[in-house]
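As a plain string of letters, each chain reads:
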Amino acid sequence: NDDVPSISSNSAILIDNNTDKILYSKNENKKMYSASTTKILTAILTLENSDLNDVVTASYDSVMSIPDGYSTANIEIGEQLTVEQLLQLLLVHSANDAANILAEYIGGSIDSFVSMMNTKANELNMQNTHFTNTYGKHDENHYTTANDLSILMRYCIKNETFRKIAGSASCAIPSTNKHQNRTYTSTNELLIPNNKNYYKYLTSGKTGYTSQAGECLVSSAYKDNLELICVVLGSSDRFGDTKSLYEYGYSNYSIKIIANEGDIASNITISNATKETESLNLLLDESIPVLISNSQDISEISPEIILNDNISAPIEEGSILGKIKYTVAGVTYSTNIIAEHNVEKSKLPIYILYLSIAFIFIIICFILIYKKNSKKKI
């Protein structure tokens, strides 16, 4: 495609969240440093293993172990915050102290939480990922890929609370036992109205940066019924690269309805049905939206119809009688096909049966009478 964007990222991927189809990729399986995009996993494990209203107390180790140069929310030893407040600090302000405090609370210790992180990565089939800490501190053994992060993000945005917090342009933390109230603006400029990098279709995201990892950003966007996930790693312009990739995706792909609910998929004749009901239209149970390249003509795509075995009367209106499938650019979409009307069983076979029995009975009577007459003659 002529308009494939030129980006500064060393590694990137753009996928459709609904089908997992890759719309753009560049070194998507190359091992890269994840920096603070790591916090996406810290956040989802927290959401799955605690209550937002739980109150957590910051320990000495969680706060004091953050190296210089890594961002914090200046949380003090003994300070009490809710899980929800810590998640806001984690995802909006990218506070590394919040990551450690949550990890200790959820896992019992930071090491134990890191084990949970690697277990979760395995469960999600993130094949080229390994974590050694909760927030993305640089470590040779702390790495991932653009593809793996897209898998993780696809999983995380199923969680409404994750979406909400990771899509916030700012957060306000009320005063605590150690601090006056604090407000922070998101590190993700794509979320901030009036920022030159603002992108109005962005729904959530998490930034990352270390000198070794470069600029990183994992995000999601929604426009015209199409939800995309974008990952850029090792970038020198993460916001520009991300915006270029989304614009490429939305310019070149659309969700289109290939067939509508109630459309006739096929017509079949039911062999044991009454004359009036034997001709049966099979209708689509639901409309089928498909992801399609704007250059492709949707009318050229033919469906595959798979009928159930041994379809016979009686059939109730709305009964599922098979499936219709459309395959578009390697992705298969399907819905059930259903009966348009009731199909009644023909009484003809019964009449034939009765006639046959009557006929056999008459023949038997004839034979018996014939035998009786024969004996009389003798």
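We now turn to the structure provided with this report.

Rules used throughout
- Residues numbered from 1 in each chain as written.
- Predicted model: local features only at pLDDT ≥ 70, side-chain atom pairs only at ≥ 80, totals over all residues.
- Heavy atoms only, no water.
- Helix = DSSP H or I, 4+ residues; strand = E, 2+ residues; numbered from the N terminus.
- Buried < 20%, exposed > 50% of the residue type's maximum accessible area, 1.4 Å probe, protein only.
- Contact = heavy atoms within 4.5 Å.
- Pairing = 2+ DSSP bridges.
- Axes fitted to C-alpha atoms, helices over the stretch in contact; angles between N-to-C directions.
- 1 Å grid on protein atoms, 1.4 Å probe; cavity = no way out; pocket = protein on both sides within 12 Å on 5 of 7 lines; lining within 4 Å.
- Points joined across faces, edges and corners; volume = space filled by probe spheres on them.
- Nonpolar A, V, L, I, M, F, W, Y, C, P; charged D, E, K, R; others polar.
- Patch = residues over 30% accessible without salt bridge, like charges linked within 9 Å, V, L, I, M, F, W, Y side chains within 5 Å.
- Areas by Shrake-Rupley, 256 points an atom, 1.4 Å probe, with all protein chains shown as cover.
- Salt bridge = Lys/Arg side-chain N within 4 Å of Asp/Glu carboxyl O.
- Expected span 1.5 Å × (residues − 1).
- Parallel < 35°, antiparallel > 145°, perpendicular 65-115°, else oblique.
- Left-handed = near helix turned anticlockwise from the far one by under 90°.

Moving on, we get to the overall build of the chain. Helix and strand counts for the chain come out as 9 helices and 16 strands. In terms of overall dimensions, the chain has a C-alpha envelope of 125 × 50 × 35 Å along the principal axes. Counting every position in the chain, which comprises 378 residues, the buried fraction comes to 46%. Here the contacts in the chain between residues at least 6 apart in sequence split such that 62% fall between residues at least 24 apart.

Bringing the pairing of strand β1 (residues 11–16) into the picture now. With 6 of 6 residues buried, β1 lies mostly within the body of the structure. Hairpin connection from β1 to strand β2 (residues 22–26): 5 residues lie between these consecutive antiparallel strands, with Asp20 at a positive phi of about 70°.

Taken in spatial order, the 5 strands line up as β2-β1-β9-β8-β7 in an open sheet, and their pairing is antiparallel. With partners counted over all chains shown, the strands left at the sheet margins are β2 and β7 (202–210), one partner each. Neighbour-to-neighbour, the strand axes of this sheet turn through a mean angle of 5°, independent of strand direction. Here 6 bridges tie β1 to strand β9 (residues 226–235), and the two strands are oriented antiparallel to one another. Paired with Ile15 across the strands is Ile229, a residue of β9. Its contacts with the sheet place helix α6 (residues 146–156) against β1, β7, β8 (214–223) and β9, and it is angled at close to 140° to β9.

Its boundaries defined by the atoms lining it, the largest pocket holds a volume of some 250 Å³. Around the largest pocket, the lining is made up of 15 residues, and of these Ser36, Ser71, Ser94, Gly208 and Tyr209 lie nearest the centre. For the lining of the largest pocket, the element with the most residues is β7, which contributes 4 residues. Looking at the lining of the largest pocket residue by residue, the classes come out as 2 nonpolar, 10 polar and 3 charged.

The subject of this paragraph is the pairing of strand β16 (residues 331–339). When strand β12 (residues 279–284) meets β16, the two strands line up antiparallel, connected through 3 bridges. Looking across to β16, one finds that Leu282 is bridged to Ala339. Judged from the 8 bridges that link them, strand β15 (residues 320–328) and β16 form a sheet pairing that is antiparallel. Within the sheet, the bridge partner assigned to Thr327 lies in β16 and is Thr332. Following β15, the chain reverses through 2 residues before pairing antiparallel with β16; Ala329 in that reversal takes a positive phi of roughly 50°.

Glancing now at helix α3 (residues 83–91). When you tally the buried positions in α3, you get 8 out of 9 residues, the bulk of the element. Residues Val83, Gln85, Leu86, Leu87, Gln88, Leu89, Leu90 and Leu91 constitute the buried set of α3.

On to a nonpolar patch on the surface. On the surface, Tyr60, Met64 and Ile77 cluster together into a nonpolar patch covering about 320 Å² of accessible area. Mapped onto the fold, Ile77 is located in the loop between α2 (60–64) and β4 (80–82).

Let's shift gears to the sheet that holds β16. Strand order in the open sheet made by the 5 strands is β11-β12-β16-β15-β14, with antiparallel pairing throughout. Among the strands making up the open sheet, the edge pair consists of β11 (264–269) and β14 (304–307). The average undirected angle you get between the axes of adjacent strands in this sheet is 30°.

Moving on, we get to the pattern of salt bridges. Tallied over the full model, the rule gives 7 salt bridges. Here Asp20 makes a salt bridge to Arg154, at a shortest N to O gap of 3.2 Å. Placement of Asp20 in the loop between β1 and β2 and of Arg154 in helix α6 is noted, with a sequence separation of 134 residues between them. Its relative accessible area of 22% is what places Arg154 among the partly exposed residues. Here Glu227 makes a salt bridge to Arg163, at a shortest N to O gap of 2.7 Å. Residue Glu227 is found in strand β9, and its partner Arg163 is found in helix α7 (residues 160–166); the two are separated by 64 residues along the sequence. Connected through shared salt-bridge partners, Glu48, Lys120 and Glu123 make up one network.

Another point: helix α8 (residues 238–252). For α8, spanning 15 residues, the distance from its first C-alpha to its last is 21 Å, which sits close to the expected 21 Å at 1.5 Å a residue. Counting buried residues in α8 gives 12 out of 15 residues, a clear majority hidden from the surface. Restricting attention to buried positions, one finds in α8 the residues Arg238, Phe239, Gly240, Asp241, Thr242, Lys243, Leu245, Tyr246, Tyr248, Gly249, Tyr250 and Asn252.

Running from N to C, helix α1 (residues 39–49) and α3 cross one another at 165°; their axes reach a closest spacing of 10 Å. The pairing of α1 with α3 is recorded here as roughly antiparallel in orientation. Judged by the sense of rotation from one axis to the other, the crossing of α1 with α3 is left-handed. Only Val83, Leu87, Leu90 and Leu91 of α3 make contact with α1, whose side of the interface consists of Lys39, Thr42, Ala43, Thr46 and Leu47.

Keep in mind these numbers describe shape, not what the thing actually does.
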